[in-house]
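The lines below spell out each chain.
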Amino acid sequence: MELRHLRYFIAVAEEGHITRAAERLGMQQPPLSQQIRALERELDVQLLRRKPRGVELTEAGRALLADARAILAHIDHAFATTRRTARGEQGRIAVGFTSSAPFHPFVPRVIRAFRETFPLIALTLEEDGTTELIEDLRHERIDAAFIRTQVADPMGVTINPLLEEAMLAALPSTHALANGGAADGPPLPLATLAAETFIVYRRRSGPGLYDAIFAACHAAGFSPLVGQEAPRIVSTLNLVAAGLGIAIVPASLQRMQMDGVVYRRLTGTHPRAPLLLATRRGDTSAVVRRFLDLVKRTARTFPRTA
């Protein structure tokens, strides 16, 4: 039995007339009659009763009609799913991000846009450090990752630069430079922080930002005194709030309002924090291509910050 036999049978059953069914199918009446008789012989049952003005279903024919419709609907669904998957309109994607990435407004915006544009794609999100995310990419546990630092060993991975933003100082609200805890205090030259104890993002988790902060401090004429290393950029703010030191963080972290922390813009030469998308080199997934294309298009039109 072939699928076309089921389609022929459904057309005849729905029309109740072989000639009208033949017209609907775009074929001649005699070949259609032959195909229906062949189907009956194969099943060894009578599916239709011939009447002077058409045909009617037998009880066996009614049973086959229900299942035939279900079979063809399932096949049509499978074909449509296959085509959508090939076009990158359906499937799955796992996207990783470092702890600070979601605070940049670009990340939630592009995730939301992707979900709205491709509602049939199941998207899952995973948070981890840069090193761990890159390993997850290489081992195909995730498909893309928003990271904040360049990768020392990019083997098997493509790093797509998207945006960058200024970094600013996070101070305890009781600090002498915190302007009494006011949120609109004046910007600070980086050199004014030379005597401070710095809380930094652990280098092995994000060497790019760590190195950028140290390079900017050296350019300002001092070497920062490190008091604590935090496993995540966001974790540095908890330590700042506890009064253990100051931190240099991406400007978008201002969105994380925390009691005991005041942010100050920096003047002169100061570090900048990149936002990057890491993908697996040579990935042939149509869904990943759709995601990467949308991310790049959105980045080209996203407002740049100072």
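Residues numbered from 1 in each chain as written. Predicted model: local features only at pLDDT ≥ 70, side-chain atom pairs only at ≥ 80, totals over all residues. Heavy atoms only, no water.

J.: It is not clear to me how the packing of helix H1 (residues 3–15) against helix H4 (residues 59–86) should be interpreted in this structure. Could you clarify?
T.: Packing of H1 against H4 leaves a shortest axis separation of 10 Å and a crossing angle of 125 degrees. Relative to H4, H1 is oriented oblique. Taken as a pair, H1 and H4 cross one another with a handedness that is left-handed. Two secondary-structure elements touch here, H1 through Leu3, Leu6, Arg7, Phe9, Ile10, Ala13 and Glu14 and H4 through Gly61, Leu64, Leu65, Ala68, Arg69, Ile71, Leu72, Ile75 and Asp76. (Axes fitted to C-alpha atoms, helices over the stretch in contact; angles between N-to-C directions. Helix = DSSP H or I, 4+ residues; strand = E, 2+ residues; numbered from the N terminus. Parallel < 35°, antiparallel > 145°, perpendicular 65-115°, else oblique. Left-handed = near helix turned anticlockwise from the far one by under 90°. Contact = heavy atoms within 4.5 Å.)

J.: Would you mind going over unusual backbone geometry with me for this structure?
T.: Generally, phi is negative for residues other than glycine and the peptide bonds are trans, each holding for most cases. Look at Asp44: it is not a glycine, yet its phi comes out positive at around 60 degrees. Structurally, the position occupied by Asp44 is in the loop between helix H3 (29–43) and strand E1 (48–51). Positive phi is not limited to glycine here, since Glu140 has a value of about 60 degrees.

J.: Teacher, can you tell me more about the packing of aromatic side chains here?
T.: How two aromatic rings sit relative to each other is set out by the distance from centre to centre and by the angle between their planes. In the structure shown here, the tally under the stated rule is six aromatic pairs. When the centroid spacing of 5.4 Å and the interplanar angle of 85 degrees are considered together, the rings of Phe106 and Phe302 count as edge-to-face. In this pair, Phe106 is assigned in helix H5 (residues 106–117) and Phe302 in the segment after helix H9 (286–301), connecting sequence segments 196 residues apart. Its relative accessible area of 0% is what places Phe106 among the buried residues. Taking relative accessible area as the criterion, Phe302 reaches 8% and is therefore assigned buried. Ring centres 5.2 Å apart and planes at 50 degrees place the aromatic pair Phe114 and Phe118 in the tilted group. Both residues of the pair, Phe114 and Phe118, belong to the buried class. Grouping aromatic residues by their ring pairs yields a cluster made of Phe114, Phe118, Phe146 and Phe291. (Phe/Tyr/Trp six-rings, centres within 6.5 Å; stacked < 30°, edge-to-face > 60°. Buried < 20%, exposed > 50% of the residue type's maximum accessible area, 1.4 Å probe, protein only.)

J.: Even after reading the chapter, I still don't get the environment of Ile246, so can you show me in this structure?
T.: One can find Ile246 in the loop between helix H8 (233–241) and strand E10 (247–250). In this structure the C-alpha to C-alpha distance between Ile246 and Val200, which are 46 residues apart in sequence, comes to 8.6 Å. Not counting the four nearest positions on each side in its chain, Ile246 is found in contact with Ala170, Leu171, Pro172, His175, Leu193, Glu196, Thr197, Phe198, Ile199 and Val240.

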